[in-house]
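What follows is each chain in one-letter form.
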Amino acid sequence: MWICQRCYTENRESSTACEGCGAPRAAGRFNSAPQQRASRPAQAPIMSYPNAQRETVPLQNPLPERGEYQTPPPDTRKQKKRRPPFAARFARWIGVLLAVLLPILAALFAWRQYDVLSDAVLPLLLGDGAAEWIKIALYAALSILAVLVSMLPGLWTVLLSRDRRE
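What you see is a predicted model; the values in this text were computed from it and never measured.

Enquirer: What is the right way to look at the packing of helix α2 (residues 114-125) against helix α3 (residues 132-160) in this model?
Expert: Describing two packed helices takes the angle between their axes plus the distance from one axis to the other. Taken N-terminus to C-terminus, the directions of α2 and α3 make an angle of 105 degrees; their axes are 10 Å apart at the nearest point. Here α3 runs roughly perpendicular to α2, going by the angle between their axes. Across the interface between the two elements, Tyr114, Leu117, Ser118, Val121, Leu122 and Leu125 of α2 pack against Glu132, Lys135, Ile136, Leu138, Tyr139 and Leu142 of α3. In the contact of α2 with α3, the residues fall into 9 nonpolar, 1 polar and 2 charged.

Enquirer: Hey, could you run me through the environment of Glu13 in this one?
Expert: Examined against the element boundaries, Glu13 turns out to sit in the loop between β2 (10-11) and α1 (86-112). Sequence-wise, Glu13 and Arg25 are 12 residues apart; in three dimensions their C-alpha atoms are separated by 10.0 Å. A distance of 2.8 Å separates the side chain of Glu13 from the side chain of Arg25, its partner in a polar contact.

Enquirer: Explanation requested: unusual backbone geometry in the structure shown.
Expert: Peptide bonds are trans in most cases, and residues, glycine excluded, mostly fall at negative phi. Its identity as a non-glycine residue notwithstanding, Tyr8 has a phi of 60 degrees, on the positive side. Relative to the helices and strands, Tyr8 is located in the loop between β1 (2-3) and β2.

Enquirer: Even after reading the chapter, I still don't get the environment of Arg89, so can you show me in this structure?
Expert: Tracing the backbone shows Arg89 in helix α1. A residue is classified by how much of its surface remains accessible, and Arg89, at 29% relative accessible area, is partly exposed. Arg89 sits 69 residues away from Val158 along the chain, and the two C-alpha atoms are 9.4 Å apart. Residues contacting Arg89, with those up to four places away along its chain left out, are Arg83 and Pro84.

Enquirer: When you look at the side chain of Asn11 in this model, what are you seeing that I'm missing?
Expert: One can find Asn11 in strand β2. Judged by relative accessible area, Asn11 falls into the buried class, the value being 1%. Of the polar contacts made by the side chain of Asn11, one reaches the backbone nitrogen of Glu19; its length is 2.9 Å. If we skip the residues at most four places from it in the chain, Asn11 touches Met1, Trp2, Cys4, Cys18, Glu19 and Gly20.

Enquirer: Is there a simple way to explain the packing of aromatic side chains in this structure?
Expert: The geometry of an aromatic ring pair is captured by the separation of the ring centres together with the interplanar angle, meaning the angle of the planes. Inspection of every chain in the model, using the stated rule, returns 2 aromatic pairs. Their ring planes at 20 degrees and their centres at 6.1 Å tell us that Phe86 and Phe90 sit as a pair that is stacked. Taken together, the residues span about one helical turn, with Phe86 and Phe90 both in helix α1 at a distance of 4 residues. Judged by relative accessible area, which is 60%, Phe86 ranks as exposed.

Enquirer: Can you walk me through the pattern of salt bridges in this structure?
Expert: Side chains that differ in charge, positive against negative, can pair when their charged atoms come close. For the coordinates displayed, the defined rule picks out 2 salt bridges. A salt bridge links Arg25 to Glu13; the shortest N-O distance between them is 2.8 Å. Here Arg25 is found in the loop between β2 and α1, whereas its partner Glu13 is found in the loop between β2 and α1, with 12 residues between them in sequence. Relative accessible area serves as the criterion here: at 41%, Glu13 is assigned to the partly exposed category.

Enquirer: Quick question: what am I supposed to make of α3 here?
Expert: Compared with an ideal rise of 1.5 Å per residue, which puts 29 residues at 42 Å, α3 spans 43 Å between its outermost C-alpha atoms and is within 8% of the ideal. Of all the bends found along α3, the most pronounced is centred on Pro153 and spans about 30 degrees. For α3, the set of buried residues is Tyr139, Ser143, Ser150 and Gly154.

Enquirer: I tried to follow the packing of α1 against α3 on my own but got confused; where do I start?
Expert: At a minimum axis separation of 7 Å, α1 and α3 run at an interaxial angle of 165 degrees. In this view, α1 runs roughly antiparallel relative to α3, as classed from their interaxial angle. The chirality of how α1 crosses α3 is right-handed. Residue-level inspection shows Ala91, Arg92, Gly95, Val96, Leu98, Ala99, Leu102, Pro103, Ala106, Ala107 and Ala110 of α1 in contact with α3, the latter providing Tyr139, Ser143, Ala146, Val147, Ser150, Met151, Pro153, Gly154, Leu155, Thr157 and Val158. Of the residues in the contact of α1 with α3, the class split is 16 nonpolar, 5 polar and 1 charged.

Conventions and cut-offs
Residues numbered from 1 in each chain as written. Predicted model: local features only at pLDDT ≥ 70, side-chain atom pairs only at ≥ 80, totals over all residues. Heavy atoms only, no water. Axes fitted to C-alpha atoms, helices over the stretch in contact; angles between N-to-C directions. Helix = DSSP H or I, 4+ residues; strand = E, 2+ residues; numbered from the N terminus. Parallel < 35°, antiparallel > 145°, perpendicular 65-115°, else oblique. Contact = heavy atoms within 4.5 Å. Nonpolar A, V, L, I, M, F, W, Y, C, P; charged D, E, K, R; others polar. Polar contact = N/O pair within 3.5 Å; in protein donor to acceptor, adjacent residues only side chain to side chain. Buried < 20%, exposed > 50% of the residue type's maximum accessible area, 1.4 Å probe, protein only. Phe/Tyr/Trp six-rings, centres within 6.5 Å; stacked < 30°, edge-to-face > 60°. Salt bridge = Lys/Arg side-chain N within 4 Å of Asp/Glu carboxyl O. Expected span 1.5 Å × (residues − 1). Bend = angle between axes of the 7 residues up to and from the residue. Left-handed = near helix turned anticlockwise from the far one by under 90°.

In structure tokens form, the structure reads like this:
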């Protein structure tokens, strides 16, 4: 059996033209189509209509010009949304909580422990002779960096818990 490229009708393997529309069979892969017989050319089938007059019906979807792409009509069927499994929803909530609570905890820790942390970290980076505003600016930059890094576990958890079928 082979399928006509024009009207999508199933045809016998031995036929060289479509039984539905009369289109010649396209050469198959590696020239597997049967050879055309020279004795009788393929003819379009004769179609009879019950009424003598045929009604012309305008095409709903006219054929596009050569080289012009025509978008297919949108799918109007309602698709049922599937809920992700419980483990994925639970992991998503855990990720959101981590992405919110860990940065808050890091910011609170940096604010409450300013004296201890600045005395331990800033002499390593600046030495003892730096101005006070430079120390505050560097401590603020390091605190912001710590807050951003503390968001990563939550963001990764949310990313990995995404439903792949969406």
